[in-house]
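What the coordinates show
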Amino acid sequence: MREIDVTDRSIYTRTIGIEHDPEAGPRRNIDAKGREIAPDLLALMGDTPLVAMERISKDVPPTLIAKLEMLNPGGSVKDRIGIAMIEAAEAAGVLKPGGTIVEPTSGNTGVGLAIAAARKGYRCQFVVPDKVSQDKISLMRAYGAEVVVCPTAVDPEDPRSYYSVSDRLAAEPNAFKPNQYFNQANPQTHMMSTGPELWRQTNGLIDAFVCGVGTGGTATGIGRYLKGRKPDVQIIGADPEGSLYSGDEIHPYLVEGIGEDFWPETFDPAIVDHWYRVSDRDSFTTARRITREEGILVGGSGGTAVWAALEYARTQPEDATIVVLLPDSGRGYLSKFLDDKWMAEHGMLERTGGRKHVTDVLGSKPEELPALVHVHPNETVAQAIALLQEFGVSQMPVFRDGVHEDAMIGDVLGSIRENALLDAALKDADVMQKPIGEVMQPPLPVAGVNEPLDDVFAGLAAGSPAVVIVDDERPVGVVTRADLLTFLASQQG
Ligand SMILES: Cc1ncc(COP(=O)(O)O)c(C=O)c1O
């Protein structure tokens, strides 16, 4: 291995281009015949545009400006460091022709590395935590990479963690691990390209830069460059709840690519002037708003950064130039936070803010369904299953024998649930002839017909399959999780 100076620009012939000075202007790809043709996709990385986000910024004095890193050819900010880490490794002699690149990644770095490897003829093996969406895993495989999936909720040192597994794979002959969390070519790339671009694009008027922090390469590289040009520029860090960067208790969270449970060597915490800690819900609902109000399809960590930027902008003057970096696109999250069902299942679908009540859901249910499908203790399991199938419901309350629609809440003795009945039937076929009274489960939770929907939400999101709705001590209906999902989805603009 040769000692190299990662700040030596001549190493990065493909990353930033030999003659190109990002502070002077965008890279121009003119071939020998004067035609504007890029030699390959690597020459189109970087130089991402800035765009004003007026609608999102309507409640704060300045207009936020977004840096659209999803417009990089591979779809994320990580395109920039993929080729840079490869060029630095080639210069150091640790990556040779025909070598294998091994990296733990949440997906985006994998794509950036895979594009560069495709051009340079390297094999790729990526190790991801299982919280990463299938969309992203399929994407890396589409670029020809092998993808190894590991459990998310294990300690970094655990042999099953994606850090440890990648270490083992990188120990194989002719394998190289760029190690974005320790590789100084990561922040250096942003010092050489993203920082100078921002300075040029804002005509040196930038007052604050906001971004999420994963490896910290983006914040550190850009922060160092901008502070070198304008010492009082503010670097604002957006951090998910559960990450140690902003000093929170470490716990799992759903936003991908940012936050951490250890301090990477690529991150200089001193560069951040102010942190905002952001919940998964605020990250995802903000990302959905950006897409619906600005038409910019953005990933979850982009929502985190914009939520923080809006909080910061509240305290800033109208003419402040605040740039927020949007690291990747929403395309990698269509089956996640951009899916209403997923959001509701994770208790994050925009609540009704107290505007809707249980009665609204009851009113939205199909009329042909009786309000209160119920059964009695002396009826058999077979009869109960027939009722469930007849009305297409998965659970129902058990009323005292002889009591029907005139039931009072005191007449509700228990409940039966399809999955529990089928379990019992699988264990003991004779159960079909047993009276419900012998197999029923505790009553379903109860909610008032005029109760705000948000209050019922938590109960259903926490696990109960349905709630019995009462009006003045009289059961009047049942609301299931599916009823609530359908109703809430119908409320989304
Ligand atoms: C979606 C997303 N956002 C933000 C980041 C943070 O960038 P950095 O690692 O440079 O701090 C990453 C990094 O992986 C990412 O994938």
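Look a little higher up for the structure.
What you see is a predicted model, and the numbers here were worked out from it, not measured in a lab. (Residues numbered from 1 in each chain as written. Predicted model: local features only at pLDDT ≥ 70, side-chain atom pairs only at ≥ 80, totals over all residues. Heavy atoms only, no water.)

In terms of helices and strands, the protein chain carries 15 helices and 15 strands. Projected onto the principal axes, the alpha-carbon positions of the protein chain cover approximately 90 × 55 × 45 Å. Put simply, the protein chain has 493 residues, and 55% of those count as buried. Surface summary for the protein chain: the accessible area is close to 21,100 Å², and the carbon and sulfur share equals 52%. (Helix = DSSP H or I, 4+ residues; strand = E, 2+ residues; numbered from the N terminus. Buried < 20%, exposed > 50% of the residue type's maximum accessible area, 1.4 Å probe, protein only. Areas by Shrake-Rupley, 256 points an atom, 1.4 Å probe, with all protein chains shown as cover.)

Time to look at the site of the ligand. Taken together, 16 residues sit near the ligand, with Lys78, Gly214, Thr215, Thr218 and Ser301 positioned nearest. Separating an oxygen atom of the ligand from a side-chain N or O atom of asparagine 108 is a distance of 3.0 Å. Threonine 215 is positioned with one of its side-chain polar atoms (N or O) 2.6 Å from an oxygen atom of the ligand. Coverage of the ligand by the protein amounts to 97% of the 380 Å² it exposes when considered alone. If you map the ligand onto the pockets, it falls in the largest pocket. Tallied by class, the residues present in the shell around the ligand amount to four nonpolar, nine polar and three charged. Both of domain 1 (9-75 + 184-345) and domain 2 (78-176) provide at least three residues apiece to the shell around the ligand. (Near = heavy atom within 4 Å. Polar contact = N/O pair within 3.5 Å; in protein donor to acceptor, adjacent residues only side chain to side chain. 1 Å grid on protein atoms, 1.4 Å probe; cavity = no way out; pocket = protein on both sides within 12 Å on 5 of 7 lines; lining within 4 Å. Sits in = over half its atoms within 2 Å of the grid points. Nonpolar A, V, L, I, M, F, W, Y, C, P; charged D, E, K, R; others polar. Domains from an automatic or database assignment.)

What follows concerns the packing of helix α5 (residues 185-201) against helix α6 (residues 217-229). For any two helices packed against each other, the geometry comes down to the angle between their axes and how far apart the axes lie. Across the interface, α5 lies against α6 with an axial gap of 7 Å and an inter-helix angle of 50 degrees. The angle between α5 and α6 places the two elements in the oblique class. Taken as a pair, α5 and α6 cross one another with a handedness that is right-handed. Contact with α5, carried on its side by Asn186, Pro187, His190, Met191, Thr194, Gly195, Pro196, Leu198 and Trp199, involves Gly217, Thr218, Thr220, Gly221, Ile222, Arg224, Tyr225, Leu226 and Arg229 of α6 and no other residues of that element. Residue classes in the contact of α5 with α6 are distributed as eight nonpolar, eight polar and two charged. (Axes fitted to C-alpha atoms, helices over the stretch in contact; angles between N-to-C directions. Parallel < 35°, antiparallel > 145°, perpendicular 65-115°, else oblique. Left-handed = near helix turned anticlockwise from the far one by under 90°. Contact = heavy atoms within 4.5 Å.)

The subject of this paragraph is the pairing of strand β7 (residues 208-212). Extensive coverage of β7 is indicated by the burial of five of its five residues. Every second residue of β7 is oriented toward a common face, with Ala208, Val210 and Gly212 on one face and Phe209 and Cys211 on the other, all of them buried. Here β7 runs beside strand β8 (residues 234-240); their pairing, made up of five bridges, is parallel. Directly across from phenylalanine 209, in β8, lies its bridge partner isoleucine 235. Alignment of β7 against strand β10 (residues 322-326), held across three bridges, turns out to be parallel. When the sheet's bridge partners are listed, alanine 208 is paired in β10 with isoleucine 322. (Pairing = 2+ DSSP bridges.)

Let us look at unusual backbone geometry. Even without a glycine there, the phi angle at asparagine 203 is positive, about 55 degrees. Its place among the elements puts asparagine 203 in the loop between α5 and β7. Positive phi, normally seen in glycine, also occurs at glutamate 473, with a value near 70 degrees. Structurally, the position occupied by glutamate 473 is in the loop between β14 (466-471) and β15 (474-480).

This part is about the packing of aromatic side chains. All told, the structure shown has 13 aromatic pairs when counted by the stated rule. Relative to tyrosine 181, the ring of tyrosine 163 has its centre 6.1 Å away and its plane inclined at 80 degrees; by these criteria the two rings are edge-to-face. Taken as a pair, tyrosine 163 in helix α4 (residues 162-170) and tyrosine 181 in the loop between β6 (175-176) and α5 lie far apart in primary sequence, 18 residues in all. Plain terms: the ring middles of tyrosine 181 and phenylalanine 262 are 5.4 Å apart, the flat faces sit at 50 degrees to each other, and that makes the pair tilted. With a gap of 81 residues between them, tyrosine 181 in the loop between β6 and α5 and phenylalanine 262 in the loop between β8 and β9 (274-278) connect regions that are remote in the sequence. Each member of the pair tyrosine 181 and phenylalanine 262 is classed as buried. (Phe/Tyr/Trp six-rings, centres within 6.5 Å; stacked < 30°, edge-to-face > 60°.)

Let us look at the side chain of lysine 67. Its location among the elements puts lysine 67 in strand β2 (residues 64-68). Among the residues examined, lysine 67 registers a relative accessible area of 0% and is labelled buried. In terms of polar contacts, lysine 67 uses its side chain to reach the backbone carbonyl oxygen of threonine 48, at 2.8 Å. Within the local environment of lysine 67, its side chain forms a polar contact with the side chain of glutamine 201, the two groups lying 2.9 Å apart.

Strand order across the open sheet formed by three strands is β13-β14-β15, with mixed pairing between neighbours. Two strands bound the open sheet, and with one partner strand each, they are β13 (446-448) and β15. The mean inter-strand angle of the sheet, taken between neighbouring strand axes irrespective of direction, is 35 degrees. Of the strand pairs in this sheet, β13 and β14 are connected by three bridges, and their pairing is parallel. When the bridges of β14 are listed, valine 446 appears paired with valine 468.

If you trace the four strands from one edge of the open sheet to the other, you get β5-β4-β3-β6, paired in parallel fashion. Each edge of the open sheet is held by one strand with a lone partner, namely β5 (146-150) and β6. One ladder, built from five bridges, connects strand β4 (residues 123-129) with β5; its direction is parallel. Bridge assignment links valine 128 to a residue of β5, and that residue is valine 149. Sitting on the sheet, helix α2 (residues 108-120) touches β3 (100-104) and β4, and the angle it makes with β4 is about 175 degrees. Strand contacts of helix α3 (residues 134-142): β4 and β5, with the helix running at about 155 degrees to β5, the strand carrying the most contacts.

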